Amino acid sequence: MNVKQKILIADDSEINRALLMEILGDGYEYLEAENGVRAVELLREHTDIALVLLDINMPVMDGFEVLKAMNANHTIEDTPVIMISSEDSDAAIRRSYELGASDYVNRPFDARIVYRRATNTIKLYAKQRRLVQMVSDQIRARENNTDMLVGVLSHIVEFRNGESGLHVRHIRIITETLLHYLLEVSDKYSISAEQQDLIPLASALHDIGKIGIADKILNKPGKLTPEEFEVIKTHSLLGAEMLQNLDNFGEQPLLQTAYEIARWHHERWDGHGYPDGLKGDEIPISAQLVSLADVYDALTSERCYKKSFSHEKAMQMILNGECGAFNPLLLQCLTDIQADLKEELQQHN
């Protein structure tokens, strides 16, 4: 069964509304508004209106005010409006188009022109909506594929590192939770909406350079010698180089974010980290977030060379500076969200 498309007719004259319904025929479902306020109410109640026929001169709220309201709540982007007026001044026509109207029809009506313009506009917008939906579906599919590939890569690293895949999932959860809270409490860092998605995803590749470290060092159960530790430290530059050498590095923000994280997640706020000895906010915020997430998860997880610490003990060690030096703002964020974070991580164990 075909559902009839909805047309909203906003006109203070009942005769005009009836005339327009007669011209367009019984193939549509009609909503009627006798003034602009009622038109805006109906637009809010019905999000699937296919077309608005809008009279300019109406009591309470005129057609231009309705267009302004549609601009304010962005319905104008998805809902086409044909303006109707007995006034055919250039100024009125120009103002209608400037406020986002799709078309303009003068009274008295030519029935065939009104019918053709209305049906063409509905078809055009329906085609546009289908195209937008197709593009959205393609982007979503591509994002899912990217997520999956990043997951596979990070699990390879975890497997080589003798760790469970939980580490990658934990790092992503901690990074995402920290990042969102940071943006709530501070506007110090300008992180775009795209970056907000990319940083948690790229966090999964922070240790990708460990693919290039020999097993006997990577999975040594005891304490590393100073020479072995120097070899382990090379994983940050190795990972950065791997990512930078990929063909499409220059066009891929995900790879560039992953590069920042892989290279600099062992830098320290006090400048005593590696590989570049960056200090404070010289370290990209993406790497700062993952660095803190990595340390917290390393402390609360069992590894081949250590037992796990409790959440409380891990927090105490981090805040006491036993595990490196971190951005005081991020430490405050971690402290504020610790209860929620602990609960969230337990759900994903």
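Structural notes, computed from the coordinates. (Residues numbered from 1 in each chain as written. Predicted model: local features only at pLDDT ≥ 70, side-chain atom pairs only at ≥ 80, totals over all residues. Heavy atoms only, no water.)

**Structural notes on the packing of aromatic side chains**
No. 1: What the rule picks out here adds up to 4 aromatic pairs.
No. 2: Taking 6.5 Å as the distance between ring centres and 65° as the angle between the ring planes, the aromatic pair formed by Tyr28 and Tyr30 counts as edge-to-face.
No. 3: Classification of Tyr28 by relative accessible area gives buried; the value is 15%.
No. 4: Note on Tyr259 and Trp264: the rings are 5.9 Å apart at their centroids and 90° apart in plane angle, and the pair reads as edge-to-face.
No. 5: By relative accessible area, which is 12% here, Tyr259 ends up buried.
No. 6: An aromatic cluster of at least three residues, connected via ring pairs, comprises Phe249, Tyr259 and Trp264.
No. 7: Its end group placed over the ring of Phe64, Arg95 keeps NZ or CZ at 4.4 Å from the ring centre. (Phe/Tyr/Trp six-rings, centres within 6.5 Å; stacked < 30°, edge-to-face > 60°. Buried < 20%, exposed > 50% of the residue type's maximum accessible area, 1.4 Å probe, protein only. Lys NZ or Arg CZ within 6 Å of the ring centre and 35° of its normal.)

**Overview of a nonpolar patch on the surface**
No. 1: A surface patch of nonpolar side chains, amounting to about 480 Å² of accessible area, comprises Met148, Val152, Leu153, Ile156, Ile211 and Met242.
No. 2: By residue number, the principal contributor to the nonpolar patch is helix α5 (residues 111–160), which donates 4 residues.
No. 3: Mapped onto the elements, Leu153 comes out in helix α5. (Patch = residues over 30% accessible without salt bridge, like charges linked within 9 Å, V, L, I, M, F, W, Y side chains within 5 Å. Areas by Shrake-Rupley, 256 points an atom, 1.4 Å probe, with all protein chains shown as cover. Salt bridge = Lys/Arg side-chain N within 4 Å of Asp/Glu carboxyl O. Helix = DSSP H or I, 4+ residues; strand = E, 2+ residues; numbered from the N terminus.)

**Concerning the side chain of Asp294**
No. 1: Structurally, the position occupied by Asp294 is in helix α12 (residues 285–300).
No. 2: The contact partners of Asp294, leaving out residues within four places of it in the chain, are His167, Ile171, His206, His265 and His266. (Contact = heavy atoms within 4.5 Å.)

**Overview of unusual backbone geometry**
No. 1: Residue Pro108 is bonded to the preceding Arg107 through a cis peptide linkage, with omega at -5°.
No. 2: Assignment of secondary structure puts Pro108 in the loop between β5 (103–106) and α5.
No. 3: The omega torsion of the bond from Tyr274 to Pro275 falls at 10°, within 30 degrees of zero and hence cis.
No. 4: Not every positive phi belongs to a glycine, and Val60 is a case in point at roughly 70°.
No. 5: For Val60, the location among the structural elements is in the loop between β3 (49–55) and α3 (63–72).
No. 6: The exposure class assigned to Val60 is exposed, which follows from its relative accessible area of 69%.
No. 7: Positive phi is not limited to glycine here, since His74 has a value of about 65°.
No. 8: Summarising the element assignment, His74 is placed in the loop between α3 and β4 (81–85).
No. 9: Take His74: its relative accessible area is 46%, and that puts it in the partly exposed class.

**Re helix α13 (residues 311–319)**
No. 1: Listed as buried for α13 are His311, Ala314, Met315, Met317 and Ile318. The buried residues of α13 occupy an angular sector of 165° when projected down its axis, which confines them to one face.
No. 2: Of the surrounding secondary structure, the elements contacted by the buried residues of α13 are α12 and α14 (328–347). (Arc of directions from axis to C-beta.)

**Here's the deal with the sheet that holds β5**
No. 1: With parallel pairing, the 5 strands of this open sheet are ordered in space as β2-β1-β3-β4-β5. Strands at the two margins of the open sheet, each flanked by one partner only, are β2 (28–33) and β5. Neighbour-to-neighbour, the strand axes of the sheet open up by a mean angle of 20°, direction not taken into account.
No. 2: Examined bridge by bridge, strand β1 (residues 5–10) and β3 share 5 bridges and lie parallel to one another. (Pairing = 2+ DSSP bridges. Axes fitted to C-alpha atoms, helices over the stretch in contact; angles between N-to-C directions.)

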